[in-house]
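# Geometric and topological summary
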Amino acid sequence: MDTLCVDHVTKEYATHGKSLVVLRGVSLKLSDGENLAVIGPSGSGKSTLLSIIGTLERPTSGRIELAGEDPFSFDEPALADFRNRQIGFIFQDHHLLPQCTLLENVLIPTLADGRPTPEEIEWGRALIDRIGLTGRIDYRPSELSGGERQRIAIARALIRQPRLLLADEPTGNLDRKTAESVGQLLLELQNERGMMLIIVTHSQQIAGMLSRHVELDGGILR
Ligand code: ADP
Ligand code: MG
């Protein structure tokens with residue numbers, strides 16, 4: 001059973017009186033437990049595609065279906081709730097809050113429902129343990145290395161136990177060795193949780209770790 005279906009998605013931006021067609025009809029399917037690397041030149045629309053799959057942006061035409069639902073049929077509050085529960089995001093820049101501890105950063109997605117529950121706090125601690133930062137649960141992001149910050153961003157993406165994990169150039173700011181260990185961690189966690197994972201990456205090294213590869217070029221997938 002495919003749990004993610006992207007069906008003939010197009011995206012056109014109108015800027016400065018001109019139209020820019022970024023996606024010209026993109027289709028793909030992914031099942032629980034599968035992973036996919038999206039590669040392609042800069043400006044080819046990789047982030048745009050990931051934003052649409054992540055329901056952060058609406059397609060110009062076409063549809064997506066995730067976990068049997070068409071998220072774009074929901075009103076804004078229902079869409080935000082669906083996104084918060086089903087999808088975890090990891091970006092090139094970790095976007096951690098500097099004033100918050102590591103545990104608080106990991107728990108941020110739970111705040112959409114009010115205070116984190118005791119179970120969520122427990123799961124947050126377990127995740128920090130799993131990514132190897134147990135002793136530093138009360139540290140602030142500035143006290144970590146780049147690779148460690150990205151590990152915290154991964155734990156934050158997993159706190160709601162999403163069905164789909166989306167990572168946009170997750171190792172783009174890291175050196176080769178750190179990138180490899182962060183990529184490895186992402187794959188291990190994906191496997192353990194049986195999630196779907198899509199990674200946009202420039203790195204052949206990271207792409208090579210994933211089981212499926214597609215290239216976005218000229219607005220279509222090859
Ligand atoms: P990639 O991630 O592959 O580098 P992007 O998806 O970020 O590519 O961008 C693809 C193209 O769409 C670029 O030409 C970019 O300038 C344009 N673009 C992205 N977002 C917007 C936007 N909100 N408004 C107008 N143009 C945009
Ligand atoms: Mg991009």
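Above this text sits the structure in question.
A short tour of the structure in this document, coming up.

Here is what the cut-offs are and how they apply
Residues numbered from 1 in each chain as written. Chains lettered and ligands numbered in written order. Predicted model: local features only at pLDDT ≥ 70, side-chain atom pairs only at ≥ 80, totals over all residues. Heavy atoms only, no water. Helix = DSSP H or I, 4+ residues; strand = E, 2+ residues; numbered from the N terminus. Contact = heavy atoms within 4.5 Å. Near = heavy atom within 4 Å. Polar contact = N/O pair within 3.5 Å; in protein donor to acceptor, adjacent residues only side chain to side chain. Areas by Shrake-Rupley, 256 points an atom, 1.4 Å probe, with all protein chains shown as cover. Buried < 20%, exposed > 50% of the residue type's maximum accessible area, 1.4 Å probe, protein only. Expected span 1.5 Å × (residues − 1). Arc of directions from axis to C-beta.

### Observations regarding the environment of Val-214
Along the chain, Val-214 falls in strand S8 (residues 212–217). In sequence terms Val-214 and Gly-40 are 174 residues apart; their C-alpha atoms lie 8.4 Å from each other. Dropping the residues within four chain positions of it, Val-214 is found in contact with Leu-36, Ala-37, Val-38, Ile-39, Leu-221 and Arg-222.

### Remarks on the site of ligand 1
Inspection of the region around ligand 1 gives Tyr-13, Thr-15, Leu-20, Val-22, Pro-41, Ser-42, Gly-43, Ser-44, Gly-45, Lys-46, Ser-47 and Thr-48 as its neighbouring residues. Gly-43 places a polar main-chain atom, nitrogen or oxygen, 2.7 Å from an oxygen atom of ligand 1. The side chain of Thr-48 places a nitrogen or oxygen atom 2.5 Å from an oxygen atom of ligand 1. Taking 560 Å² as the accessible area of ligand 1 by itself, protein coverage stands at 60%. Elements with a minimum of two residues in the shell around ligand 1: strand S1 (2–15), strand S2 (18–31) and helix H1 (46–53).

### Some remarks on unusual backbone geometry
Of note in the backbone geometry, His-8 takes a positive phi value of approximately 50 degrees without being a glycine. A positive phi angle, near 50 degrees, is found at Glu-169, a position not held by glycine. As for its placement among the helices and strands, Glu-169 is situated in the loop between strand S6 (164–168) and helix H6 (176–193). Looking at Glu-169, the relative accessible area reads 11%, which means it is buried.

### What to know about helix H4 (residues 118–130)
In a regular helix each residue adds 1.5 Å, so 13 residues correspond to 18 Å; H4 covers 18 Å between its end C-alpha atoms and thus fits that length. Along H4, the positions that sit buried rather than exposed are Glu-120, Trp-123, Gly-124, Leu-127 and Ile-128. Along H4, the residues classed as buried sweep out an arc of 140 degrees about the axis, all on the same side. Opposite the buried face of H4, by more than 90 degrees, sit the exposed residues Pro-118, Glu-119 and Glu-122. Phi for Gly-132, located one or two positions after H4, is positive at around 85 degrees.

Keep in mind that these numbers describe shape and distance, not what the molecule does.
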